[in-house]
Amino acid sequence: MFNSTLKESTLGTFEVISKHGDHEQVVFCNDPHVGLKAIIAIHNTALGPALGGTRMWNYKNEDEALVDVLRLSKGMTYKAAASGLNLGGGKAVIIGDPKTQKSEGLFRAFGQFVNSLNGKYITAEDVGTNVQDMEHIYMETPWVTGIPKDFGGSGDPSPYTAHGVLMGIKASAKEKFGTDSLKGLRIAIQGLGNVGSNLAKYLKEEGAIMTVADIDMARTKKVAETYGATAVSSDEILFTECDILAPCALGAIVNDQTITKLKTKVIAGGANNVLAEARHGDQLRELGILYAPDYVINAGGLMNVFVELEGYSPERAFEKTKRVYDNILKVYEIAKRDNIGTHTAADRLAEERINTIGRLKQRHPGKSSRAFTTLREVHNR
């Protein structure tokens with residue numbers, strides 16, 4: 001959905017922005033005193049303020065960072081819409097090595113840029129950032145979620161993301177195998193970060209037979225020993241014979257090089273942008289591989305921070321992630337009804353809601369989608 005065969009390097013900045021969707025606003029953030037180079041992309045606010053995490057990554061260049069933030073922010077619009085949340089889509093990327101270039105000053109400077117948008121964009125943690133980074137951002141703006149629990153926030157959203165993925169896996173098993181029991185099913189997890197390792201815990205409790213892998217072999221062995229899984233290398237995991245493949249690392253793992261080598265019946269995991277290109281979703285359908293669209297199945301983290309915006313309750317957040325089960329089944333129903341791929345069905349589900357609610361807000365401005373209470377107001381109650 002968010003990819004193209006065109007080479008980004010041949011396009012100018014504004015051409016790249018236009019090519020990746022009708023974004024409402026793209027903000028370039030620069031503070032050389034603290035080494036900050038960042039981009040905030042606000043894709044769509046028809047349903048509410050744009051919410052999406054801040055990713056810190058050692059991009060090769062600014063062009064690569066721009067393409068990533070544009071694609072991810074559009075994905076957040078669709079994720080929020082398909083999840084039934086009153087949120088729009090946005091994302092931010094900080095260019096830099098998260099292992100060596102983090103500082104309080106960098107994140108506080110970034111927080112000032114977030115604050116300048118007056119709540120149109122709400123940030124959270126993502127790849128390369130953590131709860132402490134969100135705390136530093138919070139020192140400059142109330143428009144941040146996933147802050148430490150001591151401040152009334154939700155902390156690490158990974159367990160909730162993982163639980164949503166579990167619900168999506170169970171729904172996919174029901175669709176493919178006729179039952180949502182995972183006992184005895186062979187499930188391969190690619191990527192054992194916070195989401196992947198929490199997913200392994202949940203799958204162990206469900207009685208699944210797991211194969212796991214991460215680029216960090218020490219982490220792979222630890223997770224395998226903890227949850228009774230088989231450890232393989234990161235080069236092997238995608239092509240492991242299994243019932244369900246759960247990608248939980250970076251995206252584009254279904255591509256021209258991998259798609260014919262896959263030995264799975266279902267792809268359902270926590271990674272973003274699993275398909276390198278939309279056409280790969282159609283190929284999966286032709287191959288008989290059921291695909292749980294990424295932004296629908298991995299929406300548990302977004303649901304968790306949405307609860308934080310209204311005054312956090314971990315019990316309510318956990319219950320909300322169970323909705324992923326029904327959302328995934330809705331996607332499969334649309335795919336069967338319209339005879340289309342599940343990736344297209346997910347887009348259709350999201351676009352119908354954006355158009356319907358967006359039209360209501362235009363006809364009745366100020367009367368729908370009540371405003372959120374800011375985190376700072378919540379904490380001062």
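Source: prediction; values computed, not measured.

(A) Highlighting the overall build of the chain. Broken down by element type, the chain carries 14 helices and 12 strands. Relative to the compact-globule value of 21 Å for 381 residues, the chain shows a C-alpha radius of gyration of 20 Å, a close match. When its C-alpha atoms are laid out on the principal axes, the chain stretches across 50 × 50 × 50 Å. When the 381 residues of the chain are sorted by exposure, 56% land in the buried category. Expressed as a percentage of contacts within the chain between residues at least 6 apart in sequence, the contacts between residues at least 24 apart total 65%. Summed over its atoms, the accessible surface of the chain is roughly 16300 Å², and 48% of this surface lies on carbon and sulfur atoms. Positive and negative side-chain charges in the chain, numbering 45 and 45 respectively, have mean positions lying 4 Å apart.

(B) Highlighting the sheet that holds strand β7 (residues 186–190). Here we have six strands laid out as an open sheet, ordered β9-β8-β7-β10-β11-β12, and parallel in their pairing. The open sheet has two free edges, formed respectively by β9 (230–231) and β12 (290–291), since each of these has just one partner strand. The pairing of β7 with strand β8 (residues 209–213) spans five bridges and is classified as parallel. In the strand pairing of β8, I189 is matched with V212. Along the sheet, helix α7 (residues 217–227) contacts β8 and β9; its crossing angle with β8, the most-contacted strand, is approximately 165°.

(C) Region of the structure containing the layout of surface pockets. Here the second largest pocket is characterised by a volume of approximately 220 Å³. Where the lining of the second largest pocket is concerned, the elements lending two or more residues are α5 (158–177), α8 (278–287), β12 and α12 (323–338).

(D) Broad picture of the pattern of salt bridges. Following the criterion strictly, the structure yields 20 salt bridges and no others. R186 is paired through a salt bridge with D243; the nearest N and O atoms lie 3.3 Å apart. Of the two residues, R186 is situated in strand β7 and D243 in the loop between β9 and β10 (244–247); the sequence distance between them amounts to 57 residues. Its relative accessible area of 31% is what places R186 among the partly exposed residues. Through salt bridges that share partners, R55, D68, K91 and D126 make up one connected network.

(E) Just the pairing of strand β2 (residues 36–44), in detail. The buried fraction of β2 is high, at eight of nine residues. Direction of pairing for strand β1 (residues 25–31) relative to β2: antiparallel, over a ladder of seven bridges. Of the residues in β2, the one forming a bridge with V27 is I40. Between β1 and β2, which follow one another and run antiparallel, lie four residues, and G35 among them has a positive phi close to 75°. As paired strands, β2 and strand β5 (residues 88–95) are joined by six bridges and run antiparallel to one another. Pairing of I42 across the sheet is with G90, part of β5.

(F) Summary view of the environment of S116. Assignment of secondary structure puts S116 in the loop between α3 (104–115) and β6 (121–122). A relative accessible area of 48% places S116 in the partly exposed class. Expressed as a C-alpha distance, the spacing of S116 and K74, which sit 42 residues apart in the sequence, is 21 Å.

(G) Examining the nonpolar core more closely. Ranked by size, the top nonpolar core spans 86 residues in total, and within it I40, F110, I169, I187, I189, L199 and L203 carry the most contacts. Excluding anything up to four places from it in sequence, I40 contacts Q25, V26, V27, C29, K91, A92, F110, F113, V114, L117 and Y121. Judged by nonpolar contacts, the second largest core, of 18 residues, contains I237, L262, I267 and A271.

(H) Structural view of unusual backbone geometry. Phi is positive for A252, close to 60°, though the residue is something other than glycine. For A252, the position within the fold is in the loop between β10 and β11 (266–267). Here A252 falls in the partly exposed class, since its relative accessible area comes to 30%. The phi dihedral of N273 is positive, around 50°, even though this residue is not glycine. In this structure, N273 sits in the loop between β11 and α8.

(I) Structural view of helix α11 (residues 314–321). Every buried residue belonging to α11 is among A317, K320 and T321, and all of these are buried. Each buried residue of α11 lies within a common arc of 100° when the element is viewed along its axis, so the set occupies one face. Along its buried surface, α11 packs onto α5, α10 (300–309) and α12.

(J) Structural detail: the packing of aromatic side chains. In this structure the tally under the stated criterion is one aromatic pair. Where Y78 meets Y295, the ring centres are 5.8 Å apart and the plane angle is 70°; that geometry is what we call edge-to-face. In this pair, Y78 is assigned in helix α2 (residues 62–82) and Y295 in helix α9 (residues 294–297), connecting sequence segments 217 residues apart. Across the pair, Y295 and Y78 agree in class, each one buried. For K261, the ring lying beneath its charged end belongs to F239, and the centroid distance is 5.9 Å.

What counts, and at which threshold
- Residues numbered from 1 in each chain as written.
- Predicted model: local features only at pLDDT ≥ 70, side-chain atom pairs only at ≥ 80, totals over all residues.
- Heavy atoms only, no water.
- Helix = DSSP H or I, 4+ residues; strand = E, 2+ residues; numbered from the N terminus.
- Rg over C-alpha atoms; globule rule 2.2 N^0.38 Å.
- Buried < 20%, exposed > 50% of the residue type's maximum accessible area, 1.4 Å probe, protein only.
- Contact = heavy atoms within 4.5 Å.
- Areas by Shrake-Rupley, 256 points an atom, 1.4 Å probe, with all protein chains shown as cover.
- Lys, Arg positive; Asp, Glu negative; His and termini not counted.
- Charge placed at Lys NZ, Arg CZ, Asp CG, Glu CD.
- Pairing = 2+ DSSP bridges.
- Axes fitted to C-alpha atoms, helices over the stretch in contact; angles between N-to-C directions.
- 1 Å grid on protein atoms, 1.4 Å probe; cavity = no way out; pocket = protein on both sides within 12 Å on 5 of 7 lines; lining within 4 Å.
- Points joined across faces, edges and corners; volume = space filled by probe spheres on them.
- Salt bridge = Lys/Arg side-chain N within 4 Å of Asp/Glu carboxyl O.
- Core = buried A, V, L, I, M, F, W, Y, C linked by side-chain atoms within 4.5 Å.
- Arc of directions from axis to C-beta.
- Phe/Tyr/Trp six-rings, centres within 6.5 Å; stacked < 30°, edge-to-face > 60°.
- Lys NZ or Arg CZ within 6 Å of the ring centre and 35° of its normal.

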